[in-house]
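Structure assessment
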Amino acid sequence: QVTLHAAAELDAHQVNQYTLILRAACPGEDEVEERLFVRVTPGHVLRCDSPFATAEGDVVQVLADVAPRTPLYAVLPQPLGGLTGFPSPSFLQFRLRNHNTPLTLTRRGLVLAPDHGFDPCKDTQTFRLEIEVTDRHGHNCSGVVKVEVLPSCRPHITFPEPHRAVMVTEGVGPWEVVTQVHARGDNVRYAILAPVAPVLFTIDEVTGEIRSTRRLEVTRAHLLIRAYNALHPEDHDTTTVNITVQGTDHQAPRCVPAIFVSQVPETMSPGSTLVTLRCTDSTSTDRCLHYDLEGPLSSLSHFCMEGPQLKVNTTLDYDSEAMAALGFQFTATIVVTVGGQPLQSTRVPVLVTVTPVNEFRPACPNSATYTVPETAAFGSVVGRVAGTDSDYPLNSLEYSLEGGTGPAQPFSIDRSTGEMRVVGSLDSQQQKNYRLLVRLTDTHNDLDLRKRQSCLCDVSVRLQAVPDPLPVCIPEVQELRITAGSPGSRQPVTRLVCHSSPDSAALTYTIVGGNEAGRFRLEGNTLVYLPNDRAEPQPFVLLVEVWGGSGARRRSSVVALVVHVTPWSTPVPPSTTTQHTVSR
């Protein structure tokens, strides 16, 4: 007998056939071997997936204010819960093993919230549901669902105004908005409680707008409005709205000026009056006129109404990015009503432009000392004088050099940027430091150009001395052979080829060694030999110092000359001169 192992799990989609080799033998006989083929065919197997099928079960978290009978969990082959291996949910039966829970399990495997909802006042509540699922073949599986009910943080329904009085003028047509109520809270809905069957008015249950149902005539109506949470109707509040429909015998007041446009300086102090409205009622009665200011928050924070007077409420600071973002303008509307009735009102547009006032003097930079090499070329940048000015637009300055540009001040300054440049010759031997006065003048900071302000800044420029280059002679060492001429004559030997920087002074040449007998002299850069009556050959080693530059910046190089002199009486022709260059 071949049986299936108790722990075996067959899956025809993974392995659909097993081959078993069976061997049998009787005593004294040969062993017989046969094969047994076991074929696995797909069948209906019911399995519960994790985490539903685990010991801890699947966990669902909901808020306590969830609506009654809201689906919280589905024991279906969906991401919310788990079953596999069944054809259709309609062939399944779901049974709740434990009944100590207010939750409901439907025939289709849905877990529903209680019929009356959860208690929103309690702390976190946990409900455990043990669910058994059975298919039509009797196969079953089970799992656990834990529902954690979190306390609700929703606000209660409240009306900011428990009473409201509204006055409208007769002639308002059907379905026109008369007023609107607003309650705080979540999922707010509105309803008219009294009168039970309202005739003149209706309310939008979502927006709270109260509209007329017919053309209104002179009358009074008292409405009791309820606001409630649509998901929790027990959370509600009420307010009373008294609507008075009056005749049209009164017109809106007339005001002078009808439009107010003005420019005010930024230094206008808080409490100053910009305009006083002169408003009158068409009936010439002494009914009370009310003045209110409407407009953007920026305008309401800077201006206010005191009776018919429009006044400055806070400082009008022109020198700020916030004011620049507004375009330096404020717009508002003065609403003048008769007896506080909005349908008998006049609106006066207001446009106030804030103008700049030059309040601050330009300021010099903390340090204005620059160093420039005396060899700086024309147009070289020395540095930038970075002045500041707190008036808007910030740091809007013009720069100028006191005394102008000249030999005494070989510098210029850019009018807009304050950048200084070299525009003349510099010589640290003549002047090592320059003290300049730069004037900073503000621009675009006041409507009156006569109120421009300026300051003088000390600027120091120090010249950095650059030594002249050494004279260069080619070659630096020479070996020469000459034949002496007749005594008393003047005989040129060689011309020294030396150079220095193009703008340096002329070079000077001096024999500093080897001429003790005075047989040589220099004429400029030409070495001259003075023959005598000495008959034997004689070598001379001369050292010639070549000077370049001027003053303290003079620098020199030394040239070595080895001169072999052959007496004039030798047969060598006197015109012969041989020059050898010796490596240094």
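Residues numbered from 1 in each chain as written. Predicted model: local features only at pLDDT ≥ 70, side-chain atom pairs only at ≥ 80, totals over all residues. Heavy atoms only, no water.

1. What about the pairing of strand S43 (residues 555-566)?
Two strands pair when backbone bridges link them, and strand S36 (residues 477-483) and S43 are joined in this way by 7 bridges, in the parallel orientation. The partner of Leu480 across the bridge, within S43, is Val563. Where strand S42 (residues 538-548) meets S43, 11 bridges bridge the pair, whose relative direction is antiparallel. The residue of S43 that forms the bridge with Leu543 is Ala560. (Pairing = 2+ DSSP bridges. Helix = DSSP H or I, 4+ residues; strand = E, 2+ residues; numbered from the N terminus.)

2. Considering the sheet that holds strand S4 (residues 58-63)
Reading across the sheet, the 4 strands line up as S4-S11-S10-S7 and stay open at both edges, with mixed pairing between neighbours. The open sheet is flanked by S4 and strand S7 (93-96), the only strands paired with a single partner. Strand after strand, the sheet turns through a mean of 30° between neighbouring axes, direction not considered. Of the strand pairs in this sheet, S7 and strand S10 (residues 125-134) are connected by 4 bridges, and their pairing is antiparallel. (Axes fitted to C-alpha atoms, helices over the stretch in contact; angles between N-to-C directions.)

3. Points about the confidence of the model for the chain
Predicted confidence across the chain gives a mean pLDDT of 85, with 89% of residues reaching 70 or more. For residues 78-82, every residue scores under 50 in pLDDT, and the model assigns this stretch 13 contacts once sequence neighbours within four places are set aside. (pLDDT = per-residue confidence, 0-100. Contact = heavy atoms within 4.5 Å.)

4. Some remarks on the sheet that holds strand S41 (residues 526-529)
In space, the 3 strands of this open sheet follow the order S37-S41-S40, with antiparallel pairing throughout. Each end of this open sheet is capped by a strand with a single partner; those strands are strand S37 (491-495) and strand S40 (520-523). Within the sheet, the average angular offset between the axes of one strand and its neighbour, ignoring direction, is 30°. Where S40 and S41 come together, 4 bridges link them in antiparallel fashion. Within S41, the residue paired with Leu522 across the bridge is Leu527.

5. Comments concerning the state of the cysteines
Scanning the model with the defined rule gives 4 disulfides in all. What pairs with Cys255 in a disulfide is Cys279, and their sulfur atoms sit 2.1 Å apart. Between Cys255 and Cys279 the sulfur-sulfur dihedral comes to about 115°; the bridge is accordingly right-handed. Within this pair, whereas Cys255 is found in strand S19 (residues 254-256), its partner Cys279 is found in strand S22 (residues 278-280), the two being separated by 24 residues in sequence. Pair check on accessibility: Cys255 and Cys279 agree, each one buried. For Cys473, the disulfide goes to Cys498, at an S-S distance of 1.9 Å. (Disulfide = S-S within 2.5 Å. Buried < 20%, exposed > 50% of the residue type's maximum accessible area, 1.4 Å probe, protein only.)

6. Overview of the nonpolar core
In this structure, Leu274, Phe303, Leu310, Ile334 and Val336 are the most contacted members of the largest nonpolar core, which totals 28 residues. Mapped by element, the contributors of at least two residues to this core are strand S20 (260-265), strand S21 (273-276), strand S23 (289-294), strand S24 (303-306), strand S25 (309-312), strand S26 (329-338) and strand S27 (341-355). Examining the composition of this core, we find that 5 residues originate from one element, S26, more than from any other. Excluding residues that lie within four positions of it along the chain, Val336 makes contacts with Pro253, Cys255, Leu277, Cys279, Leu289, His290, Tyr291, Gln344, Ser345 and Thr346. (Core = buried A, V, L, I, M, F, W, Y, C linked by side-chain atoms within 4.5 Å.)

7. What to know about the side chain of His564
Position of His564 relative to the elements: it lies in strand S43. Among the polar contacts made by the side chain of His564, one reaches the side chain of Glu479 at a distance of 2.8 Å. (Polar contact = N/O pair within 3.5 Å; in protein donor to acceptor, adjacent residues only side chain to side chain.)

8. Quick word on unusual backbone geometry
The omega torsion of the bond from Ala194 to Pro195 falls at -5°, within 30 degrees of zero and hence cis. Here the bond from Val256 into Pro257 is cis, since omega is 0°, no more than 30 degrees from zero. Mapped onto the secondary structure, Pro257 falls in the loop between S19 and S20. Even without a glycine there, the phi angle at Asn187 is positive, about 50°. If you trace the backbone, Asn187 turns up in the loop between strand S13 (177-180) and strand S14 (188-194). The partly exposed category is assigned to Asn187, whose relative accessible area is 38%. A positive phi angle, near 60°, is found at His444, a position not held by glycine. Within the secondary structure layout, His444 lies in the loop between strand S33 (433-442) and strand S34 (454-464).

9. Regarding the environment of Val385
Looking at the secondary structure, you find Val385 in the loop between strand S29 (381-384) and strand S30 (397-401). Accessibility expressed as a relative area gives 0% for Val385, which makes it buried. Through-space distance from the C-alpha of Val385 to that of Cys364 is 8.2 Å; in sequence the pair is 21 residues apart. With sequence-adjacent residues up to four places away left out, Val385 is seen in contact with Pro365, Tyr370, Tyr399, Ile413, Thr417, Gly418, Met420 and Val459.

10. Focus: the packing of aromatic side chains
The geometry of an aromatic ring pair is captured by the separation of the ring centres together with the interplanar angle, meaning the angle of the planes. Counted under the stated rule, the structure contains 11 aromatic pairs. Their ring planes at 80° and their centres at 5.4 Å tell us that Phe303 and Phe330 sit as a pair that is edge-to-face. In this pair, Phe303 is assigned in strand S24 and Phe330 in strand S26, connecting sequence segments 27 residues apart. On the accessibility criterion, Phe330 (2% relative accessible area) is buried. Between the aromatic rings of Phe520 and Tyr529, the centroid separation amounts to 5.1 Å while the plane-to-plane angle is 45°, which identifies the pairing as tilted. An identical accessibility class is assigned to Phe520 and Tyr529; each is buried. Put simply, the rings of Tyr318, Phe328 and Tyr392 touch in pairs and so form one group of aromatic residues. (Phe/Tyr/Trp six-rings, centres within 6.5 Å; stacked < 30°, edge-to-face > 60°.)

11. Digging into the pattern of salt bridges
One pass over the full model with this rule turns up 17 salt bridges. Across the pair Glu130 and Arg128 runs a salt bridge, and its minimum N-O distance is 3.6 Å. On the accessibility criterion, Glu130 (29% relative accessible area) is partly exposed. A residue is classified by how much of its surface remains accessible, and Arg128, at 37% relative accessible area, is partly exposed. One salt bridge in this structure joins Asp458 and Arg435, with 2.8 Å as the shortest N-O distance. Of this pair, Asp458 sits in strand S34 while Arg435 sits in strand S33, placing them 23 residues apart in sequence. What emerges from the salt-bridge pattern is a single network uniting Arg95, Arg97 and Glu132. (Salt bridge = Lys/Arg side-chain N within 4 Å of Asp/Glu carboxyl O.)

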